[in-house]
Amino acid sequence: MPSFDFSGQAGVVTGAGQGIGKWIALALAKAGAGVIIADINGDAARKTCREIEEFGGRSAHMEADMADPDACTALMNFTRDHFGRLDFSVNNAGVNVHKKALEITPREFDFVTGVNARGVYFCSQAAARIMIAQGGGKIVNTASAGGFLVRSGVPNSVYAMTKAGVIMLTKALAEEWAASRINVNAVAPGYMETPLVADRLKDPESRTRILASTPLQKVGQAKDLVGAYLFLISGLSDYITGQTIFVDGGRTIL
């Protein structure tokens, strides 16, 4: 039977310098995968890479802006050249601007959509070109519970739009590349203890509201999330494609 043993496999995780991306990269490396750490913050990418190497894992890093399609292509090619293969691509890099819709500027709009939508699209495209040539692979996109529902009083219009787009993009690419044996799925986290939502989690009133809207009454940690990514990359999910797994403590059932 398939397992969570990724020995001999290799791939890339974007936005792996911190937060969710770092969690995923560490989990994959501990399971035996070779992992390229991609992040716009080169120092953060190097730090994650060093942590993997310290426990004997296989890793390398690349500083890259995922809003740049050329950088997406270079990243996938670097992963293939470094490890000799590209078995998975976790398109996780994401950004947000916490402002009301009437205050969002065109520059801020382009910043969020550039990473969250354009980046996911062209990283998927670049990965698929390599995977088709080698006979298949796994693409896992990071969506969000915020791409499925909104919370009253939380201005999230551009971010929500991009994450809803990731969910539909996942379905469209899954159908298009199924014949090439490429599985495309997504994970939609709820509130996780990461830098992206640190401002809201530090505020006692905001944290109380978050817990009140989460049936499991907790903010997610690494151990709560990484299993979904490992599952979708492993052979255990070979008959699953175009799906989004919500890992949100039950938030989206309310």
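Counting starts from 1 at the beginning of each chain's written sequence and moves along it residue by residue. Only residues with pLDDT of at least 70 get local features here, since the model is predicted, and only at 80 or more are side-chain atom pairs given and counted; chain-wide, interface and lining totals rely on the full set of residues. The basis for every side-chain value is the complete set of non-hydrogen atoms in the structure, without hydrogens or water.

### What to know about the pairing of strand S2 (residues 34-39)
For step 1, the next point in the chain: With respect to burial, S2 is a largely interior element, six of its six residues being buried.
For step 2, the next point in the chain: Every second residue of S2 is oriented toward a common face, with Gly34, Ile36 and Ala38 on one face and Val35, Ile37 and Asp39 on the other, all of them buried.
For step 3, the next point in the chain: Relative to S2, strand S1 (residues 10-14) runs parallel, the two being bridged by five bridges. Bridging across to S2, threonine 14 finds its partner in alanine 38.
For step 4, the next point in the chain: The handedness of the S1 to S2 crossover, carried by helix H1 (residues 19-30), is right-handed.
For step 5, the next point in the chain: Only when DSSP finds a minimum of two bridges between them are two strands counted as paired. Helix numbers and strand numbers start at the N terminus; a helix is a DSSP run of H or I with at least 4 residues, a strand a run of E with at least 2. Judged from the six bridges that link them, S2 and strand S3 (residues 58-63) form a sheet pairing that is parallel. Its bridge partner being in S3, isoleucine 36 is matched across the sheet by alanine 60.
For step 6, the next point in the chain: Handedness of the S2-helix H2 (residues 42-54)-S3 crossover: right-handed. Three exposure classes are used, based on accessible area relative to the maximum for each residue type with a 1.4 Å probe and protein chains only: buried under 20%, partly exposed in between, and exposed over 50%. Clockwise travel from the first strand over the helix to the second, with the strands pointing away from the viewer, marks a crossover as right-handed.

### Structural notes on the sheet that holds S2
For step 1, the next point in the chain: As summarised here, the arrangement of the seven strands in space is S3-S2-S1-S4-S5-S6-S7, forming an open sheet in which the pairing is parallel. A single partner strand is all that each edge strand has here, and the edge strands are S3 and strand S7 (244-247). Taken over all neighbouring pairs, the strand axes of this sheet differ in orientation by 15° on average, direction set aside.
For step 2, the next point in the chain: Contacts from H1 reach S1, S2, strand S4 (88-91) and strand S6 (182-189), with the element oriented near 165° to S1.
For step 3, the next point in the chain: Against the sheet, helix H5 (residues 157-177) engages strand S5 (137-142), S6 and S7, with an angle of about 165° to S6. What counts as an axis is a line fitted to C-alpha atoms, over the stretch in contact for a helix, and the angles between N-to-C directions run from 0 to 180 degrees. By the convention used here, residues are in contact when the closest approach between their heavy atoms is within 4.5 Å.

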